[in-house]
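Single-letter residue listing:
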There are 2 protein chains.
Amino acid sequence: MDRQVAPGPVDGQEATGILEYARASVDPALRRAVDSLPGSMRRIALYHFGWEHADGTPAAGNAGKAIRPALVLTATGALGGQHAAAVQAAAAVELIHNFTLLHDDVMDRDTTRRHRPTAWTVFGDADAILAGDAMQALAQRLLAEDSHPASQAAAARLASCVVELCEGQHADTAMEKRGPAEVTLDEVLAMAEAKTGALLGCACALGGLYAGADEEDVDALDAFGREAGLAFQLIDDVIGIWGDPSRTGKPAGADLIARKKSLPVVAALAAGTPAATELAELYGVPYEEGELERTVLAVERAGGRDWAQLQAADRMSRAMHELSRAIPDPEAAGGLLALAEFVTRRSN
Amino acid sequence: MDRQVAPGPVDGQEATGILEYARASVDPALRRAVDSLPGSMRRIALYHFGWEHADGTPAAGNAGKAIRPALVLTATGALGGQHAAAVQAAAAVELIHNFTLLHDDVMDRDTTRRHRPTAWTVFGDADAILAGDAMQALAQRLLAEDSHPASQAAAARLASCVVELCEGQHADTAMEKRGPAEVTLDEVLAMAEAKTGALLGCACALGGLYAGADEEDVDALDAFGREAGLAFQLIDDVIGIWGDPSRTGKPAGADLIARKKSLPVVAALAAGTPAATELAELYGVPYEEGELERTVLAVERAGGRDWAQLQAADRMSRAMHELSRAIPDPEAAGGLLALAEFVTRRSN
């Protein structure tokens, strides 16, 4: 990162500064890209990104924390590249992320996203699907029209990533339809890597490509982002069960009540202990009022919480190892480290 | 085209030969691309292309007439390029076409495609959406991994085309929700150009790019494909009303019964004659048994058929003009001309 936004040692402030810098760098390119869409596709995209209300009047914008664009720009800067050269790639990654959100919300029937009604609830399923399709195309167009020597390799990598995201979302929805005993820990980990880790890894890899890094370093950056993404998912799942609702903004135990096969739950189910058997029995039938405490305790006693926290720590340590392979200088790697710690910090 | 498949003058046999040649050239690349998809996405794509039955057993394959790949390869050949160099681009265009079919079938709730149940009826909406998303990504990956000097310009053009296809599909579904008097002829023509003409034009343009044609010729090829596509849509709409069901395979008057705002209908509604008023009254309420003949006559008396046929002839003449701009040698242009005549031939 530029000296003024990522100076010296890693601290909590640094990640926030990087994210603000990334949002400010990428938003103009993102906005220009969205504005180039024809009428209806533009309107839905503007709504989704929070730049317009449902009635088409301007809004302040609320396009999320810009973690993926920040990873692109920070990885580029850490390897000696210019941020300005990677802005289109960062915008492309953000468009891909948001295209998958639009489609996932349709499939999952989720009604709220970033504290607003999801696009399909406002514009209907068909238009939300079409706007997502157009946003995937727009992401690829940004790279295809980018004259940077890395843009074509980045396009190939981003396209492969989209295929992986699709398979991850498929695995997620398919798993929810299966019984709790039928899902293995390896399957859930593979799903989380495809659904969450792949695009974080791809963002880091694109940053590397735009800095002219060699293939080995680009792959190490990809692995760094994937491992950090898995750590994030593990911590997110832990928070979904044991987090403080006043801090998470989610009702307590919502994932358990919905019988979600989150990572701690699947680990607990696989433990082979009496607590695991009790959890399997609870998960075998729909949630009944008042059972939440018993379910939480069963996951905990079957070791789900400890496993997830150890696994998250292990993934973060693997992430650090991959990062040091790609960027041996700790000062240069500081920004990426700060971002990885930021996404998993909510565990504290 | 190669001498052995496109010799001498334009005739009915020529287009069939070109289409068979295109199918045979593109299928191995297409099949390889689909086989590279992960498990579930691959299975849905294999089913959609007719290479597998719903239970995963092999099928003979029935991936349509390969008009778009044929346009890519024929345009390349006509401008002195090598077919073999444009095969990945032809496969990419075919993947884009099929991704839109997968998604359109979900949105339109169409249950039959190429005489088989549509993918969403077999695998569910979510998986059909995801497989479409993966196929769009795969198309872009083929171009991004293609070392041909035109591949990146082709990727940008194809991505822009996808945005246009999305807007066209949106306009189509939005129009169906409006009253018959609220839709103008310009709107329906613009919708047909975006939904049908754009990808045919893009296929021709990509062929030009892969032959190293200059921008002006590439744009003329695009315009040729668009105009031919509009002619095709006009003729297709005429057949939807006056075609012989035993030859079209569709029940007589299905579009009128469904109150579709096809081009001849909208032209008839705009005529301002007593027959137009009668048609507007018929279209203002759901179809009632026995009204088909009266509706057909109203469209005809209001001039819908004549207008559509004249308009189709005009579009074909514009297509020929654009073609002669890009490829002045009639012999070299013969293959593209044969394909354009083939797609509109069903009118006879």
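You'll find the structure just up there.
A short tour of the structure in this document, coming up. Note that the structure is predicted; figures quoted are calculated from it, not measured.

Along chain A, the regular secondary structure elements total 16 helices and two strands. By its C-alpha atoms, chain A is 60 × 50 × 35 Å across when sized along the principal axes. Across the 348 residues that make up chain A, the buried fraction comes to 57%. Long-range contacts, defined as pairs at least 24 residues apart, comprise 71% of the intrachain contacts of chain A with a sequence gap of at least 6. Accessible surface for chain A amounts to roughly 13,800 Å². Of this, 52% is attributable to carbon and sulfur atoms. Here chain A carries 31 positive and 50 negative side-chain charges, and the mean point of each set is 4 Å from the other.

This next bit is on empty space enclosed by the protein. Over the atoms, a rolled probe matching the size of one water molecule traces out where space is still vacant. All names here are of chain B. Summed over the entire model, instances satisfying the criterion amount to seven cavities of 30 Å³ or more. Lining of the largest cavity is provided by Y47, H48, N62, D105, R113, R114, R116, P117, T118 and A119. The class makeup of the residues in the lining of the largest cavity is three nonpolar, three polar and four charged.

Once that is clear, we can look at the environment of B:L234. All names here are of chain B. Summarising the element assignment, L234 is placed in helix α9 (residues 215-242). The spatial distance from the C-alpha of L234 to the C-alpha of G50 is 28 Å, given a sequence separation of 184 residues. Here L234 is in contact with L263, W307, A308, Q311, A312 and R315, once residues within four sequence places are set aside.

Turning next to the interface of chain A and chain B. Across the contact, 35 residues belong to chain A and 35 residues belong to chain B. When chain A packs against chain B, the two sides together hide about 3,000 Å² of surface, and 67% of this comes from carbon and sulfur. Between chain A and chain B we count zero salt bridges in total. Looking at the side of chain A that touches chain B, the elements with two or more residues in it are α2 (39-48), α4 (87-108), α6 (125-144) and α7 (151-176) of chain A. Of the residues belonging to the side of chain A that touches chain B, the class tally is 19 nonpolar, 10 polar and six charged.

On to the relation of the copies chain A and chain B. Mapping chain A onto chain B calls for a screw motion: a turn of 180° about the axis and a shift of 0.0 Å along it, with 0.0 Å RMSD after fitting. On the angle and the small slide along the axis, the relation comes out as a two-fold axis.

Time to look at the packing of aromatic side chains. Under the defined criterion, the tally for this structure stands at four aromatic pairs over all chains. Summarising the aromatic geometry, the rings of B:Y47 and B:F123 are spaced 5.5 Å apart at their centres and angled 75° between planes, so their arrangement reads as edge-to-face. Linking B:Y47 in helix α2 (residues 39-48) with B:F123 in helix α5 (residues 119-123), this pair joins segments that are 76 residues apart in sequence. Of the residues examined, B:F123 reaches a relative accessible area of 18% and is grouped as buried. Over the face of the ring belonging to A:W120 we find A:R109, whose NZ or CZ atom lies 3.8 Å from the ring centre. The ring of B:Y47 has B:R116 sitting right over it, with the charged end atom 4.1 Å from the ring centre.

Residues and elements named next belong to chain B. Scanning the model with the defined rule gives zero disulfides over all chains in all. We note that C161 lacks a disulfide partner, and the nearest cysteine sulfur, in C202, lies 4.3 Å from it. For C204, which is in no disulfide, the shortest distance to another cysteine sulfur is to C202 and amounts to 9.2 Å. Overall, C204 belongs to the buried group, its relative accessible area being 0%.

The subject of this paragraph is the packing of helix α3 (residues 67-78) of chain B against helix α16 (residues 330-344) of chain B. Residue and element names in this part refer to chain B. Where α3 contacts α16, the two axes come as close as 8 Å, and the packing angle between them is 160°. The angle between the axes of α3 and α16 places the two elements in the roughly antiparallel class. For the pair α3 and α16, the sense of crossing is left-handed. Every residue of α16 that contacts α3 at I67, A70, L71, T74, A75 and A78 is listed here: A332, G335, L336, L339 and V343.

So, about the pattern of salt bridges. The final tally for this structure, using the stated rule, is 40 salt bridges over all chains. Salt-bridge contacts for A:E227 lead to A:R315; the nearest nitrogen and oxygen are separated by 3.0 Å. One end of the pair, A:E227, is in helix α9 (residues 215-242); the other, A:R315, is in helix α15 (residues 304-326), with 88 residues separating them in the sequence. Considered together, A:E227 and A:R315 belong to a single accessibility category, that of buried residues. With a closest N to O distance of 2.9 Å, B:R226 and B:E193 form a salt bridge. With B:R226 in helix α9 and B:E193 in helix α8 (residues 185-210), this pair connects stretches of sequence that are 33 residues apart. For B:R226, a relative accessible area of 17% corresponds to the buried category. Under the relative-accessibility criterion, B:E193 is labelled partly exposed at 28%.

Cut-offs and rules
- Residues numbered from 1 in each chain as written.
- Chains lettered and ligands numbered in written order.
- Predicted model: local features only at pLDDT ≥ 70, side-chain atom pairs only at ≥ 80, totals over all residues.
- Heavy atoms only, no water.
- Helix = DSSP H or I, 4+ residues; strand = E, 2+ residues; numbered from the N terminus.
- Buried < 20%, exposed > 50% of the residue type's maximum accessible area, 1.4 Å probe, protein only.
- Contact = heavy atoms within 4.5 Å.
- Areas by Shrake-Rupley, 256 points an atom, 1.4 Å probe, with all protein chains shown as cover.
- Lys, Arg positive; Asp, Glu negative; His and termini not counted.
- Charge placed at Lys NZ, Arg CZ, Asp CG, Glu CD.
- 1 Å grid on protein atoms, 1.4 Å probe; cavity = no way out; pocket = protein on both sides within 12 Å on 5 of 7 lines; lining within 4 Å.
- Points joined across faces, edges and corners; volume = space filled by probe spheres on them.
- Nonpolar A, V, L, I, M, F, W, Y, C, P; charged D, E, K, R; others polar.
- Buried area = accessible area lost by both parts, 1.4 Å probe.
- Salt bridge = Lys/Arg side-chain N within 4 Å of Asp/Glu carboxyl O.
- Least-squares fit on C-alpha atoms with pLDDT ≥ 70 in both.
- Phe/Tyr/Trp six-rings, centres within 6.5 Å; stacked < 30°, edge-to-face > 60°.
- Lys NZ or Arg CZ within 6 Å of the ring centre and 35° of its normal.
- Disulfide = S-S within 2.5 Å.
- Axes fitted to C-alpha atoms, helices over the stretch in contact; angles between N-to-C directions.
- Parallel < 35°, antiparallel > 145°, perpendicular 65-115°, else oblique.
- Left-handed = near helix turned anticlockwise from the far one by under 90°.

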